[in-house]
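In case you want the letters, here they are:
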Amino acid sequence: MPKFIFVTGGVLSGIGKGVTTASIAKLLQFRGYKVDLVKIDPYLNVDPGTLNPVEHGEPFVTDELYEFSPAPSFTYRTAEVDQDFGTYERFVGRPIHPRNNITSGQIYLSVILQERLGKFLGSTVQIIPHITNEIKRRIREVAKAQKLDVILVEVGGTAGDIEGAPFLEAIRQFRLEVPRQDTLLVHVTLVPYLPAVDEMKTKPTQHSVKELLSVGLQPDLIVARSKRQLTDSARQKIALYSNISKEAVISNPDLEEIYELPLRFYEQGLDAYILQRLELVAGPPKAMEKWREIVERFTKTKDSIRIAMAGKYLRMGDTYISICEALRHAGAQEGVSVEIDMVDTEEMEQNPSILKGLKKYHGVLSTPGFGSRGTEGMIETAWKCIEEDIPYLGICFGSQMLFSAFCRYELGLKGANSTEINPDTPHPVVDLLPEQRQVTEKGASMRLGGHTILVKPKTLLFAAYKKKKIRERFRHRYHLMPEYVEKACEKGLVLSATDEEERIINAIEVKGKHWIVGVQCHPEFTSRPDAPNPLYLAFIQAILKQKRLK
Ligand code: GLN
């Protein structure tokens with residue numbers, strides 16, 4: 001059995017528990033351990049695919065699919081997981097299986113369906129033990145699937161949330177069932193700074209620890225999120241009220257660069273403390289110097305470029321976090337920082353000066369999306385980039401908008417559109433995948449996960465990947481219609497990739513322009529700080545080569 005590190009949150013959500021968890025995983029990886037990460041999301045959605053991207057941020061898409069079949073009457077395959085998995089993959093540098101995302105929706109669904117099958121015949125089905133047993137089973141399932149040394153289990157939300165209570169209870173039981181040295185509990189809290197009294201306030205942390213203690217959980221480590229480095233007196237106070245030693249209180253201050261966090265934790269002896277507590281014997285960390293060099297790439301950039309991100313879910317920074325990170329990874333490798341401006345295409349439709357303003361940018365990234373809002377602005381954005389020769393990368397929906405623009409203005413097909421946006425369009429240039437026509441359910445019903453892509457030689461895509469066969473991740477229902485693509489190719493469009501059966505068009509480019517590319521896949525999901533995705537890298541390199549605005 002591997003060791004388990006549970007990570008809970010206190011005071012507030014959104015204080016960077018995911019980055020903390022990923023950083024601890026990274027430190028254990030430096031010590032040579034095989035780690036995996038699990039995220040528990042206490043909401044009742046079965047997976048995050050049906051959540052509002054503006055409220056919750058994008059769902060992350062894994063390469064593999066998780067087949068979830070609690071009863072013969074219900075099976076579904078999903079690759080849509082919480083966006084924290086993006087952080088996990090970017091830190092640990094390898095794909096994570098979607099079974100590692102456990103939601104209340106999955107847990108309750110499976111217990112209720114089993115009840116209907118008669119699995120618990122004669123008993124009253126209850127939160128304890130049925131729900132808690134199912135939670136523990138799911139955590140153990142991850143341990144069984146592969147040989148691992150340490151599994152980190154992050155619990156979403158904060159201690160005290162009603163929804164999270166069964167998970168905390170399951171963790172309490174889990175900790176009783178295994179030897180003491182096999183589990184550890186890390187509690188991540190917020191320590192606000194009050195300028196009026198020039199003091200770091202530990203009271204919210206004290207309350208949050210009390211909350212944990214009241215459900216039978218004693219934290220072993222406190223990670224305190226704060227604006228600045230934790231003061232000694234704050235550290236002392238937190239230790240005292242949490243029944244832990246001062247060394248077990250770790251400071252997690254605001255950082256210029258998130259990838260630096262494992263290094264900051266290392267300086268405070270976090271991994272040494274964990275190893276000792278879990279009775280793990282390890283040599284000095286390896287590959288940490290390389291990581292330090294990678295972090296420096298991000299903090300010591302020589303120049304910067306400006307990219308307009310054109311789309312509609314722009315109210316929240318997390319909505320397109322994987323895209324923003326992929327742009328940053330590629331920029332850092334090329335020695336530039338990437339300033340990203342969100343350009344709201346819905347607003348653009350009312351205010352044409354926003355469209356004109358695109359000329360100020362070194363490049364434009366057109367975003368993924370669903371539904372009709374803001375799409376006229378996205379189509380106009382694509383056409384503007386073609387006209388002005390502004391480097392353009394269209395991701396999924398963004399590539400569909402590029403294609404609609406090309407069909408409207410280059411082929412003269414007035415009103416060309418995706419049937420997702422206008423079911424009555426005279427020119428349905430983007431339409432449902434054939435296998436999607438009968439699908440009525442919305443949950444996990446898109447074409448999801450990793451698929452092989454065939455890249456055509458002598459294309460910008462081939463120049464980026466330098467391979468004929470690549471693999472990227474997908475999340476879509478609609479696709480570019482081959483008969484229209486064929487016509488467009490006579491007018492200067494380039495079909496640069498398809499799926500293995502050459503049925504689905506996976507990428508297009510515009511001939512005679514500096515760099516205009518649209519892809520149906522989401523290459524951002526495979527980008528890492530130390531290994532940028534080739535397509536994002538090619539986009540940034542093209543921008544630097546064009547030297548627009550210089
Ligand atoms: N709504 C589009 C489709 O389903 C694009 C999805 C996306 O951008 N991920 O095909």
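Look up a bit, the structure's there.
Calculation rules
Here the residue numbering is sequential within each chain, running from 1 through the sequence in written order. Local features in a predicted model are, by the rule used here, given only for residues with pLDDT of at least 70; side-chain atom pairs are given and counted only at 80 or more, and totals for whole chains, interfaces and linings are based on all residues. The basis for the side-chain values is all heavy atoms of the structure; hydrogens and waters are excluded. A run of H or I in DSSP becomes a helix once it reaches four residues, and a run of E becomes a strand once it reaches two; helices and strands are each numbered from the N terminus. Note on exposure labels: buried denotes an accessible area under 20% of the residue type's maximum, exposed denotes more than 50%, and partly exposed covers the range between, all computed with a 1.4 Å probe on protein chains only. The contact criterion used throughout is that any non-hydrogen atoms of two residues lie within 4.5 Å. Counted charges follow a simple rule, with Lys and Arg positive, Asp and Glu negative, and His plus the chain ends left uncounted. One atom stands in for each charge, and that atom is NZ of Lys, CZ of Arg, CG of Asp or CD of Glu. Each aromatic pair joins two rings of Phe, Tyr and Trp (for Trp, the six-membered one) with centres within 6.5 Å, and gets the label stacked for planes under 30 degrees apart, edge-to-face for over 60, and tilted for any other angle. Two conditions define a charge sitting above a ring: the NZ of Lys or the CZ of Arg must be within 6 Å of the ring centre, and it must be within 35 degrees of the ring normal. DSSP bridges decide pairing: two strands pair if at least two such bridges lie between them. Lines are fitted to the C-alpha atoms to define the axes, a helix being fitted only along its stretch in contact, and any angle between axes, read from their N-to-C directions, falls within 0 to 180 degrees. Salt bridges are counted wherever a side-chain nitrogen of Lys or Arg sits within 4 Å of a carboxyl oxygen of Asp or Glu.

**A word on the overall build of the chain**
What the chain contains, in helices and strands, is 19 helices and 23 strands. Taken along its principal axes, the extent of the C-alpha atoms in the chain is 70 × 60 × 45 Å. In the chain, which comprises 550 residues, the proportion classed as buried is 59%. The long-range share in the chain, meaning contacts at least 24 apart out of those at least 6 apart in sequence, stands at 76%. Distance between charge centroids for the chain: 3 Å, based on 72 positive and 70 negative side chains.

**Quick word on the packing of aromatic side chains**
One pass over the structure, following the stated rule, counts 16 aromatic pairs. Considering the side-chain rings of Phe4 and Phe174, the 4.7 Å spacing of their centres and the 70° angle between planes classify their relative orientation as edge-to-face. Here Phe174 lies in helix α6 (residues 165-177) and Phe4 lies in strand β1 (residues 3-9), a separation of 170 residues in the sequence. Each member of the pair, Phe4 as well as Phe174, is classed as buried. When the centroid spacing of 4.9 Å and the interplanar angle of 75° are considered together, the rings of Phe60 and Phe525 count as edge-to-face. In this pair, Phe60 sits in strand β3 (residues 60-71) while Phe525 sits in the loop between β23 (516-519) and α19 (534-546), placing the two residues 465 residues apart along the sequence. Of the aromatic side chains, those joined through ring pairs into one cluster are Phe30, Phe91, Tyr259, Trp291 and Phe298. In this structure, Arg228 packs its charged tip against the face of Tyr193, placed 4.3 Å from the ring centre. Positioned above the aromatic ring of Phe474 is the side chain of Arg447, whose terminal nitrogen or guanidinium carbon lies 4.4 Å from the ring centre.

**Remarks on the sheet that holds strand β6 (residues 150-155)**
Within a sheet, adjacent strands bond to each other through the backbone by hydrogen bonds, running parallel or antiparallel. Judged by pairing direction, the sheet is parallel, and its seven strands sit side by side in the order β5-β2-β6-β1-β7-β10-β11 without closing on themselves. Two strands close off the open sheet at either side, each with one partner strand: β5 (101-103) and β11 (249-253). Strand-to-strand twist in this sheet, taken as the mean axis angle between neighbours without regard to direction, amounts to 20°. On the sheet, helix α3 (residues 84-92) packs against β2 (35-41), β5 and β6 and is oriented at approximately 170° with respect to β2. Along the sheet face, α6 touches β1, β2, β5, β6 and β7 (183-190) and points at about 150° away from the line of β1.

**Notes on the sheet that holds strand β16 (residues 417-418)**
Spatially, three strands are ordered β16-β17-β20 in an open sheet, and the strand pairing comes out mixed. At either end of the open sheet lies a strand with only one pairing partner, and these are β16 and β20 (478-480). Note: strand β17 (residues 428-432) against β20, three bridges, orientation antiparallel. Pairing of Leu432 across the sheet is with Tyr478, part of β20.

**Details of the pairing of strand β15 (residues 392-395)**
Alternating residues of β15 divide into Tyr392 and Gly394 and Leu393 and Ile395, and every residue in both groups is buried. Examined bridge by bridge, strand β14 (residues 363-366) and β15 share three bridges and lie parallel to one another. Of the residues in β15, the one forming a bridge with Leu365 is Leu393. Where β15 lies against β23, four bridges are found, and the strand directions are parallel. By the bridge assignment for β23, Gly394 is matched with Gly518.

**Overview of the pattern of salt bridges**
What the rule picks out here adds up to 37 salt bridges. The shortest N-O distance in the salt bridge between Asp63 and Arg471 comes to 2.9 Å. Taken together, the residues span a long stretch of sequence, with Asp63 in strand β3 and Arg471 in strand β19 (residues 469-476) at a distance of 408 residues. In this structure, the salt-bridge partner of Glu141 is Arg137, at a minimum N-O distance of 3.6 Å. Of the two residues, Glu141 and Arg137 are both situated in helix α5 (residues 127-145); the distance of four residues between them amounts to about one turn of the helix. On the basis of relative accessible area, Arg137 is assigned to the partly exposed category, the value being 40%. Ionic contacts of the salt-bridge type, sharing partners, join the residues Lys39, Asp41, Asp82 and Asp84 into one network.

These figures capture arrangement, not role.
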